[in-house]
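Understanding the architecture of this molecule
The chain contents come next:
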Amino acid sequence: METPREITVLQAAIILISTIIGVGVLALPRIAVLAGDTGAPLITLLGILLAFFGLVMITLLGMRFPSQSLIRYSEVILGKPIARFGSIVIIVFFAVLTALTSREFGEVVITSVLRRTPLEVTVIVMLLLAVITTRNDITTFAYIHHFYSPLILTPVILIVILSLKNAEVVRLLPIWGNEPNGMFLGVLTVAALFQGFFILTMIIPAMRRPDRAMTASIWGMAIAGGLYLIIVIATLAVFGAEEVKLLLWPTLELAKTTSLPANILERLDAAFLAVWVTAVFTTLFSSYFLMIHAATELFQLRNHRMFSLFFLPFVFIIAMLPDNVLEMYKLIEIVGRFGLLITVVYPTILWMVALIRKKRGKSHAARKNR
Amino acid sequence: MQLGRIVKVLSWVFLVIPFLTGCWDRLEIEERAVVLAIAIDEVKPEAAKEERDVSHLSGEVPQSQKRMLRLTVQIAVPGRIPLGPAQGGGASGEKPVWILDVVGHTVEDAIYNLQQEVADRLFLGHLRVIVVNEKVARKGLQNMNDAFRRNPEIRRAAWMVISKGEAADIIKLNPELERVPALYLLTVLDGAVKQGKMPNAFLGVFWSALTSKGQEAYLPYVEIQEQKSILLAGLAYFRGDKMVGTTTPLEIGHFMAMKGINPGGYSALSDVPGESGAVLFISSDRTAKIEVEIKNGLPHAKVKVHIEGDLAEKSNAQFNLKDPKTIAKIEKRIGTKAGKAFEELIHKTQKQGSDILGIGEIVRGKHSAYWNQSIKTMDKWQETYKEIPVRAEVTISIRRVGMKAE
């Protein structure tokens, strides 16, 4: 069962970017500002670094075992029983993450745009879209991300630049915040927004040159993280820390305040939401893809298609569990922080054990010469 | 085999049909009641009798919300909003807007009462101006801000203005220049911003200033002039969410100069030292910087302003502008006078503890150690602001004198 090796470094980086940028972008400034006042950009930066550390671990592992994904090589490193338990936890975690992503998406849509459409409909439509597209193979997966990425990146950058008209530098000061009370937890929550990077473990075995995976990681995290950082900075400079705390989705308000010059568009929130729906789709697509491929590999099946529909009801039910939007955010925070154990700590342990036990996968070059 | 193909095609058709039905939230434009402007006045609690039970049972209103508000709204009539200049009298008899008023305990309460009497769904996405009666503003805008922040249709770029006298009168005004009253009010405000008569203080700016710990909010203050036009009468400044005072129109210029907001749109008539005439100076461009130092446990602020501008008028032919000393003298004279006027405005706001300049924000940002130790909260800053010494330093540069040579 050989996966085709067709994904380039550029595509890998793009998959990372469009997977990471997702629902979280709307609430991110509020989360960061609640944790550290005007220190929000600093918290975001630390969160990015923490997430990047996890990504580096995944990449190093991937380069050590260039033809296997984490589900497989963890069995080599830790032995089957422990590794299988770990893999099940990963699958469950990503199922919950997918569910919460789609729920958050649904909440935003029915609060701000489609106010009379039932929540269930928006959520199930989005999930179905992900289910149908995940039936494709990894090459199509990469192409879909590649195709949408410019659509996600450019409008966001445009909105940030245009919004700076109303910005005031003094609102960013002092950079460490006046009352940095929840700094540590804030960093964890922000880092949790980047957990989509875990998808890389599925991509490396399909990369043309797995040895260059690190380049993709660095670029992917730099661009996605940079984008998140400028969004936090712009939101904070435009609204001020105290105002951001009052806004459920500061980034959306930023788009609402911003207008295109010369009265072309007086509020950009509609345009922004359209882009954001795409961004959410790519994120959901990735986490769903990760989930079903991990399950396929765990049960050593040939074809992942069977699972794509199988998981849908579970994910949907989990998505419907939170009672209201505030409870949902509470849950997202808790699940996100717990998730760091899986996406950052677990790979680190794997990597250290692999080093100690001197486990190594067959190198890419060796496989080629065979 | 043929049958199988037909079934296949049919099932595809049935699969596709649900996707062609369009949007769940479809709402045609003529089914919407587009609200262009809202005026909020306070009425006597007896007005509660006018109200039918729409969003609460009568008598079952929280004690704190016993006061009554009257909302006057302007709803655009579909098809009658002129797109461009009115064409030869034709439709002039038909009013483009429908003006309604309704009472309620809170803003949303009143809006629901209104919905009860309007056939179409109220749509606030095109709301451009919210006019609030001074009396309401002096009692606090907490409720309005909350309602408007929560509603996703309200745009942050809408205007909120404070009116002297009945807010409803401003909405009901029938101006000659525009056919839609709300749009006229909007033009007044936007025009004032472009001409440098007013800072661009839309709702979003107001809210940010309101929540900032080291800054107080301000809003445009308007007044009806002879039942015909709307006068921009100054800025209404707030302490917390309560309005505490107003400035004069010229003081808007002072405020903008101290904030360094361009373009400059105000002029100053000044005497010339040693001569008997006077000159009119028009500001065009300004830069400002507020410096704060902590001395003896109290912030000392210095507002440094540089104004560039032109001479527009000289009332006396006695003296000659060609002498460079004269220009320098005039510059100095205007500078000292402006500096005094600026300080006066600051003292006026200091009495009310309303730091509209945002000196507190600078303390918080640049002297955070001091802020964290002895200020921390908005209330504390409002008290401290009353006591801090503030100096204004103005330098003037006259760049042009118009088409006349001397």
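Residues numbered from 1 in each chain as written. Chains lettered and ligands numbered in written order. Predicted model: local features only at pLDDT ≥ 70, side-chain atom pairs only at ≥ 80, totals over all residues. Heavy atoms only, no water.

**Let's talk about the overall build of chain B**
- Helix and strand counts for chain B stand at 12 helices and 13 strands.
- By element, 54% of the accessible surface of chain B is carried by carbon and sulfur atoms, the whole surface being about 20,500 Å². (Helix = DSSP H or I, 4+ residues; strand = E, 2+ residues; numbered from the N terminus. Areas by Shrake-Rupley, 256 points an atom, 1.4 Å probe, with all protein chains shown as cover.)

**Some thoughts on the overall build of chain A**
- Helices and strands together make up the secondary structure of chain A, namely 17 helices and 0 strands.
- Projected onto the principal axes, the alpha-carbon positions of chain A cover approximately 65 × 45 × 40 Å.
- Taken over 370 residues, chain A has a buried fraction of 60%.
- For chain A, the proportion of contacts with a sequence separation of at least 24, taken over those separated by at least 6, is 85%.
- Entry remark: accessible area of chain A is about 14,800 Å², with carbon and sulfur atoms responsible for 70%.
- Here chain A contributes 30 positive and 20 negative side-chain charges, whose respective centroids are spaced 15 Å apart. (Buried < 20%, exposed > 50% of the residue type's maximum accessible area, 1.4 Å probe, protein only. Contact = heavy atoms within 4.5 Å. Lys, Arg positive; Asp, Glu negative; His and termini not counted. Charge placed at Lys NZ, Arg CZ, Asp CG, Glu CD.)

**Here's the deal with the interface of chain B and chain A**
- Counting residues at the interface gives 31 residues for chain B, matched by 28 residues for chain A.
- Interface area, chain B with chain A, both sides summed: about 2,600 Å², of which 45% is carbon and sulfur.
- Linking chain B to chain A there are 4 salt bridges.
- One salt bridge connects A:Glu243 with B:Arg156, and the closest N-O pair in it is separated by 2.9 Å.
- Counting every contact that joins chain B to chain A gives 7 residue pairs in polar contact (both at pLDDT 80 or more). (Buried area = accessible area lost by both parts, 1.4 Å probe. Salt bridge = Lys/Arg side-chain N within 4 Å of Asp/Glu carboxyl O. Polar contact = N/O pair within 3.5 Å; in protein donor to acceptor, adjacent residues only side chain to side chain.)

**Quick look at the sheet that holds strand 13 (residues 390-400) of chain B**
Residues and elements named next belong to chain B.
- Strand order in the open sheet formed by 4 strands is 10-11-12-13, with mixed pairing between adjacent strands. Sheet topology places strand 10 (267-271) and strand 13 at the edges, where each strand pairs with a single neighbour. Taking each pair of neighbouring strands and ignoring which way they run, the sheet shows an average axis angle of 40°.
- On top of the sheet, helix 8 (residues 249-259) reaches strand 10, strand 11 (278-295) and strand 12 (298-314); it is set at about 50° to strand 11, its chief contact.
- On the sheet, helix 10 (residues 359-366) packs against strand 11, strand 12 and strand 13 and is oriented at approximately 40° with respect to strand 11. (Pairing = 2+ DSSP bridges. Axes fitted to C-alpha atoms, helices over the stretch in contact; angles between N-to-C directions.)

**Thoughts on the packing of aromatic side chains**
- If you walk through the whole model with that rule in mind, you get 20 aromatic pairs over all chains.
- With a centroid separation of 4.0 Å and an interplanar angle of 20°, the aromatic rings of A:Phe141 and A:Phe289 are classed as stacked. You can see A:Phe141 sitting in helix 7 (residues 138-163) and its partner A:Phe289 sitting in helix 13 (residues 269-298), a full 148 residues away along the chain. Across the pair, exposure class does not vary: A:Phe141 and A:Phe289 are buried alike.
- Ring centres 5.3 Å apart and planes at 65° place the aromatic pair B:Phe206 and B:Phe238 in the edge-to-face group. (Phe/Tyr/Trp six-rings, centres within 6.5 Å; stacked < 30°, edge-to-face > 60°.)

**As for the domain arrangement of chain B**
Residues and elements named next belong to chain B.
- Along its sequence, chain B is carved into domain 1 (29-85 + 92-246) and domain 2 (250-400).
- The straight-line distance from the C-alpha centre of domain 1 to that of domain 2 is 32 Å.
- The partner domain 2 presents 29 residues to the 25 residues of domain 1 that form the contact.
- For the pair domain 1 and domain 2, the summed buried area comes to about 2,100 Å², and 57% of that belongs to carbon and sulfur atoms.
- Looking only at domain 1, the three residues that lose the most surface to domain 2 are Lys-213, Tyr-237 and Arg-239, adding up to 30% of its buried area. (Domains from an automatic or database assignment.)

**Observations regarding empty space enclosed by the protein**
- Scanning the entire structure with this criterion turns up 5 cavities of 30 Å³ or more.
- Space inside the largest cavity adds up to approximately 100 Å³.
- Every residue along the wall of the largest cavity is listed here: A:Asp37, A:Thr38, A:Arg171, A:Asn178, A:Gly240, A:Ala241, A:Glu242, B:Ser212, B:Lys213, B:Glu361 and B:Arg364.
- A breakdown of the residues in the lining of the largest cavity according to their chemical character gives 1 nonpolar, 4 polar and 6 charged. (1 Å grid on protein atoms, 1.4 Å probe; cavity = no way out; pocket = protein on both sides within 12 Å on 5 of 7 lines; lining within 4 Å. Points joined across faces, edges and corners; volume = space filled by probe spheres on them. Nonpolar A, V, L, I, M, F, W, Y, C, P; charged D, E, K, R; others polar.)

**What to know about the pairing of strand 8 (residues 229-239) of chain B**
Residue and element names in this part refer to chain B.
- With 8 of 11 residues buried, strand 8 lies mostly within the body of the structure.
- With 8 bridges joining them, strand 7 (residues 218-225) and strand 8 adopt antiparallel strand pairing. Each bridged residue has a counterpart across the sheet, and for Pro-220 the counterpart in strand 8 is Leu-235.
- Here strand 7 folds back onto strand 8 in antiparallel fashion, the turn holding 3 residues, of which Glu-226 has a positive phi close to 50°.

**Digging into unusual backbone geometry**
- Phi is positive for A:Gln300, close to 50°, though the residue is something other than glycine.
- Tracing the backbone through its elements, the reader meets A:Gln300 in the loop between helix 13 and helix 14 (305-310).
- Under the relative-accessibility criterion, A:Gln300 is labelled partly exposed at 48%.
- In this structure, B:Lys376 takes a positive phi of about 65° despite not being glycine.
- Along the chain, B:Lys376 falls in the loop between helix 11 (368-375) and helix 12 (378-387).
- What makes B:Lys376 partly exposed here is its relative accessible area of 44%.

**Observations concerning the confidence of the model for chain A**
- Residues of chain A with pLDDT of at least 70 account for 95%, and the chain-wide mean is 85.
- Taken together, the stretch residues 365-370 of chain A has pLDDT below 50 and engages in 5 contacts with residues farther than four places along the chain or on a different chain. (pLDDT = per-residue confidence, 0-100.)

**What to know about the nonpolar core**
- With 131 residues, the main nonpolar core has A:Ile21, A:Phe194, A:Phe197, A:Trp276 and A:Tyr288 as its most contacted residues.
- Counting residues per element, this core draws most heavily on helix 13 of chain A, at 17 residues. (Core = buried A, V, L, I, M, F, W, Y, C linked by side-chain atoms within 4.5 Å.)

**A word on the pairing of strand 2 (residues 68-76) of chain B**
Residue and element names in this part refer to chain B.
- Counting buried residues in strand 2 gives 8 out of 9 residues, a clear majority hidden from the surface.
- Direction of pairing for strand 1 (residues 32-43) relative to strand 2: antiparallel, over a ladder of 9 bridges. In the sheet register, Val-35 faces strand 2, and the bridge partner there is Ile-75.
- One ladder, built from 8 bridges, connects strand 2 with strand 3 (residues 97-104); its direction is antiparallel. Paired with Ala-76 across the strands is Val-97, a residue of strand 3.

**Things to note about the side chain of B:Ser283**
All names here are of chain B.
- Tracing the sequence through the fold places Ser-283 in strand 11.
- Within the structure, Ser-283 has its side chain in polar contact with the backbone oxygen of Tyr-266 (distance 3.1 Å).
- When residues no more than four places from it in sequence are discounted, the contact partners of Ser-283 are Gly-264, Gly-265, Tyr-266, Ile-307, Glu-308 and Gly-309.

**What about helix 7 of chain A?**
- In this model, helix 7 of chain A (26 residues) spans 37 Å end to end at C-alpha, consistent with the 38 Å of a helix rising 1.5 Å per residue.
- At A:Tyr148, helix 7 of chain A is bent by approximately 35°, the largest bend along its length, and proline A:Pro150 sits one to four residues beyond. (Expected span 1.5 Å × (residues − 1). Bend = angle between axes of the 7 residues up to and from the residue.)

**Quick word on the side chain of B:Asn145**
- Summarising the element assignment, B:Asn145 is placed in helix 4 (residues 142-150).
- Sequence-distant contacts of B:Asn145, that is, excluding residues within four places in its chain, are made with B:Met160, B:Phe206, B:Trp207 and B:Leu210.

**Quick notes on the pattern of salt bridges**
- For the coordinates displayed, the defined rule picks out 26 salt bridges over all chains.
- The structure contains a network of salt bridges with shared partners spanning A:Glu243, A:Glu253, A:Lys256, B:Arg149 and B:Arg156.

**Quick look at the environment of A:Glu297**
Residue and element names in this part refer to chain A.
- On the secondary structure map, Glu-297 appears in helix 13.
- With a relative accessible area of 16%, Glu-297 lands in the buried category.
- In this structure, the C-alpha to C-alpha distance between Glu-297 and Pro-150, residues 147 residues apart in sequence, is 32 Å.
- Every residue in contact with Glu-297, bar those within four places of it in the chain, is listed here: Ser-69, Ile-71, Arg-72 and Met-202.

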